[in-house]
Amino acid sequence: GESVGLHLPTLSVQEGDNSIINCAYSNSASDYFIWYKQESGKGPQFIIDIRSNMDKRQGQRVTVLLNKTVKHLSLQIAATQPGDSAVYFCAERDPSGSARQLTFGSGTQLTVLP
Amino acid sequence: NAGVTQTPKFRVLKTGQSMTLLCAQDMNHEYMYWYRQDPGMGLRLIHYSVGEGTTAKGEVPDGYNVSRLKKQNFLLGLESAAPSQTSVYFCASSFENHYGYTFGSGTRLTVV
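Residues numbered from 1 in each chain as written. Chains lettered and ligands numbered in written order. Predicted model: local features only at pLDDT ≥ 70, side-chain atom pairs only at ≥ 80, totals over all residues. Heavy atoms only, no water.

1. Regarding the pattern of salt bridges
Across all of its chains, the model carries 6 salt bridges over all chains by this definition. As a salt-bridge pair, Asp31(A) and Arg93(A) come within 3.1 Å of each other at their nearest N and O atoms. Linking Asp31(A) in the loop between strand S3 (19–25) and strand S4 (32–38) with Arg93(A) in strand S9 (residues 86–93), this pair joins segments that are 62 residues apart in sequence. Using a relative accessible area of 4% as the deciding quantity, one classes Arg93(A) as buried. Via salt bridges that share partners, Arg36(B), Asp38(B) and Arg44(B) belong to a single interconnected network. (Salt bridge = Lys/Arg side-chain N within 4 Å of Asp/Glu carboxyl O. Helix = DSSP H or I, 4+ residues; strand = E, 2+ residues; numbered from the N terminus. Buried < 20%, exposed > 50% of the residue type's maximum accessible area, 1.4 Å probe, protein only.)

Shown next as structure tokens:
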């Protein structure tokens, strides 16, 4: 299947600023996208998802934007806190695949500076 | 409610040794997955299962075997470990009609 890529491997932001993590995907057939957060030594944790029939979805302090025209996904974190420091993965699902398989990007390391 | 539990958390094997990684979930999920995570390569699917008694190959199945004798358990076996299998292994599970996965905390395996 097609892989999901990220524009930047690392991102540093000041505490209190907003963070934007980007993800480019190449499979135009993907119909569902998820952002995961992975803290050091832990498994990935679900943050927020979005279906392909939407272009924006908001959660608590997080917003995901989907631009299907350019196959781009972004995660916005408002008022970034030290606890937000982690690796963030985007994942996509191709509906033609079996077993709800997701394809994961390699991740962006977010570091929150004091 | 423990979610997804992986055992062991750490293991060091010598080349050629065998071992089994256990994944247990208490959420009554139908689907279960085994991934490996290597630096800079993201999560790659090894094997998966769509229900008790079923298994299927993922992206990188060579050198691994799996079994799902009970709905709540998914075992990953390495019959003859190789240094290339040094990695962090994650188990995940999901409902059939929900796309999000719940992950375990991982098993860090080193093959020397």
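2. Comments concerning the sheet that holds strand S3 (residues 19–25) of chain B
Residue and element names in this part refer to chain B. Taken in spatial order, the 4 strands of this open sheet run S1-S3-S8-S7, and their pairing is antiparallel. One side of each edge strand has no neighbouring strand; the edge strands of this open sheet are strand S1 (4–7) and strand S7 (65–67). Taking the axes of each pair of neighbouring strands and ignoring which way they run, one obtains an average angle of 20° across the sheet. Where S1 meets S3, 4 bridges bridge the pair, whose relative direction is antiparallel. Across the sheet, threonine 7 pairs through a bridge with leucine 22, a residue of S3. (Pairing = 2+ DSSP bridges. Axes fitted to C-alpha atoms, helices over the stretch in contact; angles between N-to-C directions.)

3. Section: the interface of chain B and chain A
Taken together, the contact pairs 20 residues of chain B with 19 residues of chain A. With both chains or domains summed, chain B and chain A bury close to 1,600 Å², and 59% of this area falls on carbon and sulfur atoms. Run the count over chain B and chain A and you get 0 salt bridges. Taken together, the connections running from chain B to chain A amount to 3 residue pairs in polar contact (both at pLDDT 80 or more). Counting only elements with at least two residues in the side of chain B that touches chain A, the list comes to strand S4 (31–38) and strand S5 (42–49) of chain B. (Contact = heavy atoms within 4.5 Å. Buried area = accessible area lost by both parts, 1.4 Å probe. Polar contact = N/O pair within 3.5 Å; in protein donor to acceptor, adjacent residues only side chain to side chain.)

4. Some details on the layout of surface pockets
Put simply, the largest pocket is a space of about 660 Å³. What lines the largest pocket is a set of 31 residues, among which Gln38(A), Gly41(A), Gln37(B), Val88(B) and Arg108(B) lie closest to the centre. Listing elements by their share of the lining of the largest pocket, those giving two or more residues are S9 and strand S11 (108–113) of chain A together with S4, strand S9 (87–94) and strand S11 (107–111) of chain B. A total of 4 residues in the lining of the largest pocket trace back to one element, the largest contributor, which is S11(B). For the lining of the largest pocket, a count of residues per class yields 10 nonpolar, 16 polar and 5 charged. (1 Å grid on protein atoms, 1.4 Å probe; cavity = no way out; pocket = protein on both sides within 12 Å on 5 of 7 lines; lining within 4 Å. Points joined across faces, edges and corners; volume = space filled by probe spheres on them. Nonpolar A, V, L, I, M, F, W, Y, C, P; charged D, E, K, R; others polar.)

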